[in-house]
Amino acid sequence: MKKIISLFALAFLFVIHSQAGRLELTGGSIDCIKGQEYISVSLDYSNTVYNGKTPIPFYEYLKSQRRLPNWEYKSLEYFCEWFNDETEKTTVCVKCEDVEYEIVVVVNEFNTNGRINATVIVKKLSTDETMATFSLKGGDGDAKDMVPLRDPMKDAGECIGKFFNKNL
């Protein structure tokens, strides 16, 4: 009986882990971040497509659902919270002042199950130069959430925070 329960628990953990976001460094390096105490974070959904039965621009989808005011800012707060829980070396914040670098989460697709496909860019603010690029497949979310990117931004923050913590 103990073996069955242990096997079930292990399978459950595997399913939960496999549902989490996946992050892959596709270009550049985050070596420039070493020694940076703070990094700003922003969200770009200007070219996002909602993949329902027929793909439509994300802003059209947003009109069909009720949303909290400032949902974009709230989504970024979730990103910051989960990122900062994962790393001790760097802190991200929304609209940080006097920082050299910014993480930009560019949401490419938002799916009916609330998952996102995104490109994450680390850029130097003074030159707008891209220092590193990541591909992110966010975990499950809720497409009808009043903060539509809440869960995907939690996943993104956690994944990127772990990567930064491991590689800085």
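Cut-offs applied
- Residues numbered from 1 in each chain as written.
- Predicted model: local features only at pLDDT ≥ 70, side-chain atom pairs only at ≥ 80, totals over all residues.
- Heavy atoms only, no water.
- Helix = DSSP H or I, 4+ residues; strand = E, 2+ residues; numbered from the N terminus.
- Buried < 20%, exposed > 50% of the residue type's maximum accessible area, 1.4 Å probe, protein only.
- Contact = heavy atoms within 4.5 Å.
- Areas by Shrake-Rupley, 256 points an atom, 1.4 Å probe, with all protein chains shown as cover.
- Pairing = 2+ DSSP bridges.
- Expected span 1.5 Å × (residues − 1).
- Salt bridge = Lys/Arg side-chain N within 4 Å of Asp/Glu carboxyl O.
- Disulfide = S-S within 2.5 Å.
- Core = buried A, V, L, I, M, F, W, Y, C linked by side-chain atoms within 4.5 Å.

Mind laying out the overall build of the protein chain, listing which residues take part and the relevant values?
Counting its regular elements, the protein chain contains 4 helices and 8 strands. The N-to-C order of helical and strand elements in the protein chain reads α-β-β-β-β-α-α-β-β-β-β-α. Residues classed as buried in the protein chain amount to 38% of the 168 residues present. Taking the intrachain contacts of the protein chain between residues at least 6 apart in sequence as the baseline, contacts between residues at least 24 apart amount to 68%. When the accessible area of the protein chain is evaluated, it comes to approximately 9800 Å², of which 52% is carbon and sulfur surface.

Would you mind going over the pairing of strand 2 (residues 38–44) in detail, with residue names and values included?
In terms of burial, strand 2 is largely enclosed, as 5 of its 7 residues are buried. Inspection of the sheet shows strand 2 paired to strand 5 (residues 91–94) by 4 bridges, in the parallel sense. Within the sheet, the bridge partner assigned to Val41 lies in strand 5 and is Val94. Note that strand 2 and strand 6 (residues 101–111) share 5 bridges and pair parallel.

Mind laying out helix 4 (residues 150–167), listing which residues take part and the relevant values?
With 18 residues, helix 4 should reach 26 Å at 1.5 Å per residue; the first-to-last C-alpha distance of 26 Å fits that figure. For helix 4, the full list of buried residues reads Pro152, Met153, Asp155, Ala156, Gly157, Glu158, Cys159, Ile160, Gly161 and Phe164. The inward-facing, buried residues of helix 4 contact strand 1 (22–28), strand 2, helix 3 (71–86), strand 6, strand 7 (116–124) and strand 8 (129–137).

Provide a residue-level description of the pattern of salt bridges, including the pertinent values.
Under the defined criterion, the tally for this structure stands at 7 salt bridges. A salt bridge links Lys34 to Asp31; the shortest N-O distance between them is 3.9 Å. For Asp31, a relative accessible area of 48% gives the class partly exposed. Among the ionic pairs, Asp145 bridges to Arg150, the shortest N-O distance being 2.8 Å. Of the residues examined, Arg150 reaches a relative accessible area of 21% and is grouped as partly exposed. Overlapping salt bridges, with partners in common, bring together Glu102, Lys123 and Asp128 in one network.

Can you tell me about the state of the cysteines, naming the residues and giving the values?
Enumeration over the complete set of coordinates arrives at 1 disulfide. What pairs with Cys93 in a disulfide is Cys96, and their sulfur atoms sit 1.5 Å apart. Given an S-S torsion of about 120°, the disulfide between Cys93 and Cys96 has right-handed geometry. Exposure remark for Cys93: the relative accessible area of 22% places this residue in the partly exposed category. For Cys96, a relative accessible area of 15% gives the class buried.

I'd like a rundown of the nonpolar core, residues and numbers included.
Ranked by size, the top nonpolar core spans 37 residues in total, and within it Ile33, Phe79, Ile103 and Phe164 carry the most contacts. Elements that contribute at least two residues to this core include exactly strand 2, helix 2 (58–63), helix 3, strand 5, strand 6, strand 7, strand 8 and helix 4. Ignoring any residue separated from it by four or fewer positions in sequence, one finds Ile103 in contact with Ile39, Ser40, Val41, Ser42, Phe79, Phe83, Val92, Val120, Ile121, Val122, Ile160 and Phe164.

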